[in-house]
Amino acid sequence: MTQPENPIPASPSSDLWARAREDYLSGVSAPVVAERLGVSERTLRRRAAAGGWRRADGSTTGCEGPRSRSRGCFSREEALARIPELADVEQAAFTDRFNLLVQPDQKSLRRFAFEQAAEAAALSRPAESLVWMRLVQALERTGDRIEREAPGFRDPDYIRAAFFREEAASRARAPASAED
């Protein structure tokens, strides 16, 4: 058995980490840099995160931090100012959620879950998309059985309806009482 020409030490020296950093920042993929260094990709990524290494090939969207992953690059107000039609989208989403709360039905829930799965997939959130698709599949397995077997209204349905009527009435009274 022959020894490699340039054996890599068990624990990379600071000189090797400096070379790894340079390669990583220049755009060499993490798996390649990790293999060159003789460490796992996870170790390299942790070192990069701890050292604040920012890739040269990363997208420059101006979006930084966790907010960019979960909600996009703009605040709600900024997004509505840029694309006023988003108000219609927002209203439709609110209406869908409200209808599911007040008058849940299997078909609407399945459609809603599928839309959520598609949105999560489009935003590169595969784990969340998978959870929503599992709900879609579970709803498909039950078919319309829930609709056929459900009684007309139950006591909780009446309580929920009364709550929403009272909420609407209190909102309608609020501006009038503020003017008095």
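Residues numbered from 1 in each chain as written. Predicted model: local features only at pLDDT ≥ 70, side-chain atom pairs only at ≥ 80, totals over all residues. Heavy atoms only, no water.

*Asks:* If you had to explain the pattern of salt bridges to someone new, which residues and values would you point to?
*Replies:* This structure, assessed with the given rule, holds six salt bridges. Residue Arg173 is joined to Glu166 by a salt bridge in which the shortest nitrogen-to-oxygen separation is 3.1 Å. The exposure class of Arg173 is partly exposed, given its relative accessible area of 47%. Classification of Glu166 by relative accessible area gives partly exposed; the value is 45%. Taken together, the shared-partner salt bridges in this structure form one network comprising Asp96, Arg111 and Glu115. (Salt bridge = Lys/Arg side-chain N within 4 Å of Asp/Glu carboxyl O. Buried < 20%, exposed > 50% of the residue type's maximum accessible area, 1.4 Å probe, protein only.)

*Asks:* I'd love a proper account of unusual backbone geometry, names of residues and values included.
*Replies:* Residue Ser124 is not a glycine yet carries a positive backbone phi of 60 degrees. Relative to the elements of secondary structure, Ser124 occurs in the loop between helix H7 (106–122) and helix H8 (126–142). (Helix = DSSP H or I, 4+ residues; strand = E, 2+ residues; numbered from the N terminus.)

*Asks:* Summarise the packing of H7 against H8; cite the residues concerned and give the values.
*Replies:* In a packed pair of helices, the relevant descriptors are the angle between the two axes and the axis-to-axis distance. Packing of H7 against H8 leaves a shortest axis separation of 8 Å and a crossing angle of 155 degrees. For the element pair H7 / H8, the angle class is roughly antiparallel. H7 and H8 meet at a crossing whose hand is left-handed. Along the contact surface, H7 presents Gln106, Leu109, Arg110, Phe112, Ala113, Phe114, Gln116, Ala117, Ala120 and Ala121, while H8 presents Glu128, Ser129, Trp132, Met133, Leu135, Val136, Leu139, Glu140 and Thr142. (Axes fitted to C-alpha atoms, helices over the stretch in contact; angles between N-to-C directions. Parallel < 35°, antiparallel > 145°, perpendicular 65-115°, else oblique. Left-handed = near helix turned anticlockwise from the far one by under 90°. Contact = heavy atoms within 4.5 Å.)

*Asks:* Now, about the side chain of Gln116: what can you tell me, with residues and values included?
*Replies:* Here Gln116 is to be found in helix H7. Those residues in contact with Gln116 that sit more than four places away from it in its chain are Arg97 and Trp132.

*Asks:* I'd love a proper account of a nonpolar patch on the surface, names of residues and values included.
*Replies:* A surface patch of nonpolar side chains, about 350 Å² in accessible area, is lined by Phe94, Phe98, Leu101 and Val102. Within the fold, Leu101 resides in helix H6 (residues 86–102). (Patch = residues over 30% accessible without salt bridge, like charges linked within 9 Å, V, L, I, M, F, W, Y side chains within 5 Å. Areas by Shrake-Rupley, 256 points an atom, 1.4 Å probe, with all protein chains shown as cover.)

*Asks:* Pulling in residues and values, what's your account of helix H2 (residues 30–37)?
*Replies:* Listing the buried residues of H2 in full gives Ala30, Val33, Ala34 and Leu37. Buried residues of H2, seen end-on, are gathered within an arc of 100 degrees and therefore sit on one face of the element. For H2, the secondary structure elements touched by its buried residues are helix H1 (14–26) and helix H3 (41–51). One or two positions beyond H2, positive phi appears at Gly38, with a value near 80 degrees. (Arc of directions from axis to C-beta.)

Remember that the coordinates give geometry; whether it matters functionally is a separate question.
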